[in-house]
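# Architecture and fold: a report
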Amino acid sequence: MSRLEAKKPPLLISEPLTRDAVSQSLSLLSGILKSSYGPAGRLKQLHNGVGGCVCTTSQSSALLGRLSLSQPVLRVLAASVRNHVSRFSDCGLFTAILCCGFIENFRSLNVAPFTVIKISKHLLSLCMDHLKSEACGCRVSVDFSSVETLVCLVRSILTSKPACMLNKTEVDHLTSLVLKAFIFTVPCHVETNAVLGKCVVIPVKGGRVVDSTVLPGLLIEVPEIHLGKPLAVKRTGSNMIKIALFSVSMSGDGSNPEEGTIVVHHGVSLEVSELNQLLNVGKQLVKDEVGLVVCQKVMHPSLKQYLKEQSVVAVDRAGLSLMEPLGCVTGNRPPIASIHSLPPDCYGSLKDLCVESFASKHFLHLIPEDTVICSLILCNRSETAWNELKRVCETAEHVLQLTVKEPLALLGGGCTETHLASYIRHKSSSLPASTFRDLGCSQTQFQLVAEGFCRSLESVARSLSHDGEEVLTDVVYGHCWFAPPGSPCVSRWSDLVSKCGCGVSGSTEDLSWSFLQGQSGSPVLQGCPQEPSVKVADLRTLDCFAAKCSGLQVALETANLILDLSYIIEDQN
C-alpha cells in the first residue's frame, strides 16, 4: 500500500524583487540578451542535458523558448516578450532588454512602486505621442513607389542575425528575393477588403545562398517524379488544368472510427469495397477532366496508378501546412472532405504545371492564373544557418506586411532609443507644476523616474557595442554614435566617428558629442532634439515602426506588472 504524504502548504515569497536569487537571475538573463543584440551580437548554443537538438542562435524567440527559467518573475517576462514576437515577429530582444532595464533602474529608486508606475505611464504616453507626430526626428515615411526604403528595412533585418552567416553579396541577393516575394503576395486587383497573400518557404539545406530563388505559385516536393520524362497532364477544353484537393485519407484502410460503427455483411471484403469506392472516385475525376489530384494524407497505390494511366498527376502526403496555400492557388476552393460526394464546383484550376529541380530535390510547380501565393526556395550551407535564415526571412515578410498597414519606419542603430531619451529629458525639464499634482508626485520623484526611464532606453543602444566601442550621443539630434575602443576624451570627436548608428547624420556637421555613461546618464540638451534631413541613400539601419512601438509598450507594461508584485505563491505539492 502506497504511503500518503501530507499536503504541503503553499510557499509564499514576499517582495520577490528584493531577493538575491531573483536579482541575480534577472541580471544574468539581461546579460544573455544584451550580448545577443544586433549585427555583432554573440551567438548562444542551447541544448538540454540529455542530448537532443542543439540550437545556435541569437534570436529572442529561440532563446526564450529554449531557456529553462526557474524564477516566476522571469517566466512572466519571457511569456510577455514571446507573445509580442508572435504578433509582430520583430523587436523581441529590444523588448526584453528594455524591460530588464526598466526593472533594474526603477527598483533601485527610493520611490514607491505605485508612484513609479504612474510616472512611467505618463513618460510612455509622451514617447508614443512624439513617435506618432509629424515632428518626430527618428521617424521615416516609407514610400512604396520606391524600393530604397524597403531595401534598407529588409537588409537591416537580414544583417541583424549573425548566425545566418551571410556575406554582402548574399545579403543583397536575399534582400531582392524577399522584396520580390512580398510583391508577389500583394493582390493585383485591390478590393475594399484586400488581403495579402503568403510566401511559402521551401528548404534546400546544403546549397549555396545565392542559389535561392522565388517563384510565383506553389512548389510541392515529389521525390518519385522523373525529370527525364515529359509531364503528361490532362487539360480542359479551355487549356486550363482542373485540380482536386482532398483533405480526407484516400488510403482505403477503413473509415474514421469517429464516424461511427461499420457493419460488414458475411462474405464482403471491407478492403475491396473501399478500393472500389476509391476507383469510382478516380473514374469520376477522369470524367470531370481533372488533371491534378492532391491529397493531404495517403493515397492508395492502385488509385495513383489508375490516375497516372489516365494522364492525371496524383500527389499524396501534401501535409496540413500546404492546404491553405493550395486552396489559395487553386481559386480559394475548400478541400474536398469526403470521397462519397464530388459536386461540380469542388474543383480548382491552374494555368500550368511543370517540374522544377533544386539541388537533389524535385518539385511540382503549380502555376495559377492569378495568385497571391509564391514559393521562396531558400538555400544555406548548414541546417543551423538555414533554420536561422528561415526565421529571419519570415520576420522580414511580416515586417513588410505591417509596414503596408502603417507606412512608417524608425531609425535603427540605437538612434531611436537615444533620441527618445534626449526628448524625454527635454520634456521633463519644462513640465508645469499641474503635471506633478495630477500624478500625485513631487518634481524630484518625477525626475528620478524620468532619468531611470532614459537610462533604460540608452542601455538598449549601449547593448549594440560588443567589442569595447565607446558609445556617444550628439547634443543636436540625440543620435547614437560609436567610436573605436579606447578612444580618448577629445574635443574633436569628428576625427573618430563618421556616421551615426542609423547613417543619417555625418560627422562633417557642426556637432558635439558626449559619452553615454552607464548610470550617470547624458546631459540634458539645451533644446528639443532636432529633426535631421533624412536622405534615403544615407540610411544604414531601419526598424519596424509597429513592432518597435509595441515593444516599447510591452516592455514598460511588463516591467510595471513585475514591479507591482508583492507576493509570489507557489504550490509545493
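The residue numbers shown here count from 1 along each chain, following its written sequence. Only residues with pLDDT of 70 or above have their local features reported here, since the model is predicted, and side-chain atom pairs are shown and tallied only from 80 upward, although totals for entire chains, interfaces and linings are computed over all residues. Remark: hydrogens and water are excluded; side-chain values derive from all non-hydrogen atoms of the structure.

- Going by an unreviewed UniProt entry, the chain carries the name Molecular chaperone MKKS and comes from Rhodinocichla rosea.
- We quote the UniProt Function (unreviewed entry) comment for the chain here in full: "Probable molecular chaperone that assists the folding of proteins upon ATP hydrolysis. Plays a role in the assembly of BBSome, a complex involved in ciliogenesis regulating transports vesicles to the cilia. May play a role in protein processing in limb, cardiac and reproductive system development. May play a role in cytokinesis."
- In UniProt, the chain has this text filed under Sequence similarities (unreviewed entry): "Belongs to the TCP-1 chaperonin family." UniProt positions are given in the numbering used here, feature names are shortened, and annotations may be inferred rather than shown by experiment.

## A word on the pattern of salt bridges
- We define a salt bridge as a side-chain nitrogen of Lys or Arg found within 4 Å of a carboxyl oxygen belonging to Asp or Glu. This model, assessed by the stated rule, comprises 16 salt bridges.
- Between Lys-205 and Glu-383 there is a salt bridge, with its nearest N and O atoms 3.7 Å apart. Placement of the pair is Lys-205 in strand E5 (residues 198-205) and Glu-383 in helix H11 (residues 383-405), with a sequence separation of 178 residues.
- Close ionic contact of Arg-235 with Asp-352 constitutes a salt bridge, the shortest N to O distance being 2.7 Å. Here Asp-352 lies in strand E12 (residues 352-358) and Arg-235 lies in the loop between strand E7 (218-221) and strand E8 (241-246), a separation of 117 residues in the sequence.
- Assessed through its relative accessible area of 28%, Asp-352 is described here as partly exposed.
- Counted as one network, the salt bridges with shared partners bring together Arg-155, Lys-168 and Asp-172. Numbering of helices and strands runs from the N terminus; a helix is a DSSP stretch of H or I covering at least four residues, while a strand is a stretch of E covering at least two. Burial here depends on accessible area, computed with a 1.4 Å probe over protein chains only, as a share of the maximum for the residue type. Under 20% is buried, over 50% is exposed, and the range in between is partly exposed.

## Here we look at the nonpolar core
- Ranked by internal contacts, the top residues of the largest apolar core, which has 122 residues, are Leu-77 and Leu-131.
- Structurally, this core is a two-domain feature, drawing no fewer than three residues from each of domain 1 (12-138 + 411-466 + 537-570) and domain 2 (143-217 + 377-406).
- Any pair of residues with heavy atoms lying within 4.5 Å of one another is described as a contacting pair. With sequence-adjacent residues up to four places away left out, Leu-131 is seen in contact with Cys-136, Cys-138, Arg-139, Leu-410, Leu-420, Phe-545, Cys-549 and Leu-552. As used in this record, nonpolar core signifies buried Ala, Val, Leu, Ile, Met, Phe, Trp, Tyr and Cys residues forming a set joined through side-chain atoms within 4.5 Å. Residue ranges assigned to each domain were obtained from an automatic or database domain assignment.

## A few points about helix H12 (residues 415-428)
- Residue count minus one, scaled by 1.5 Å, sets the expected span of a helix. Under the 1.5 Å per step criterion, the end-to-end length of H12 is 20 Å for 14 residues, consistent within 8% with the ideal 20 Å.
- A large share of H12 lies buried, amounting to 13 of its 14 residues.

## As for the packing of helix H5 (residues 113-131) against H12
- Axis definition: a line fitted to C-alpha atoms, over the contacting stretch in the case of helices. Angles run 0 to 180 degrees between N-to-C directions. Close contact between H5 and H12 brings their axes to 10 Å; oriented N to C, the two are set at 115 degrees. Pair H5 / H12 crosses with right-handed handedness. Residue-level contacts link Leu-123, Leu-126, Cys-127, His-130 and Leu-131 of H5 to His-419, Leu-420, Tyr-423, Ile-424, Lys-427 and Ser-428 of H12.
- In this count, Pro and Cys sit with the nonpolar residues alongside Ala, Val, Leu, Ile, Met, Phe, Trp and Tyr, while Asp, Glu, Lys and Arg are called charged and the others, Gly among them, polar. Its residues assigned to classes, the contact of H5 with H12 comprises seven nonpolar, three polar and one charged. Crossing handedness is defined as follows: a turn of the near helix away from the far one that is anticlockwise and smaller than a right angle gives a left-handed crossing, while the clockwise case is right-handed.

## Focus on the sheet that holds strand E9 (residues 290-295)
- Strand pairing follows a simple DSSP-based rule, namely that at least 2 bridges must link the two strands. If you trace the four strands from one edge of the open sheet to the other, you get E10-E9-E8-E11, paired in mixed fashion. Looking at which strands have only one partner, the edges of the open sheet turn out to be strand E10 (313-315) and strand E11 (348-350). Each neighbouring strand pair of the sheet contributes to a mean axis angle of 25 degrees, computed without reference to strand direction.
- By the bridge criterion, three bridges tie E9 to E10 in an arrangement that is parallel. Residue pairing for E10: Leu-292 is matched across the bridge by Val-313.

## Quick word on helix H1 (residues 20-35)
- For H1, which comprises 16 residues, the first-to-last C-alpha distance of 22 Å matches the rise-based estimate of 22 Å (1.5 Å per residue) to within 8%.
- Inspection of H1 places Val-22, Ser-23, Leu-26, Leu-29, Ser-30 and Leu-33 among the buried residues, and these make up the whole buried set. One side of H1 holds all its buried residues, which, seen down the axis, span an arc of 135 degrees. Of the residues in H1, the exposed ones pointing more than 90 degrees away from the buried face are Asp-20, Gln-24 and Leu-28.
- For H1, the secondary structure elements touched by its buried residues are helix H2 (60-66), helix H3 (72-88) and helix H4 (92-107). Arc, as used here, means the arc of the directions from the helix axis to the C-beta atoms.

## Some details on the sheet that holds E7
- An order of E7-E13-E12 is seen for the three strands of this open sheet, with the pairing classed as antiparallel. Strands with a single pairing partner mark the edges of an open sheet, and in this sheet they are E7 and E12. With strand direction ignored, the average angle separating the axes of adjacent strands in the sheet is 30 degrees.
- Across four bridges, the pairing between E7 and strand E13 (residues 361-367) is antiparallel. The residue of E13 that forms the bridge with Leu-219 is His-365.

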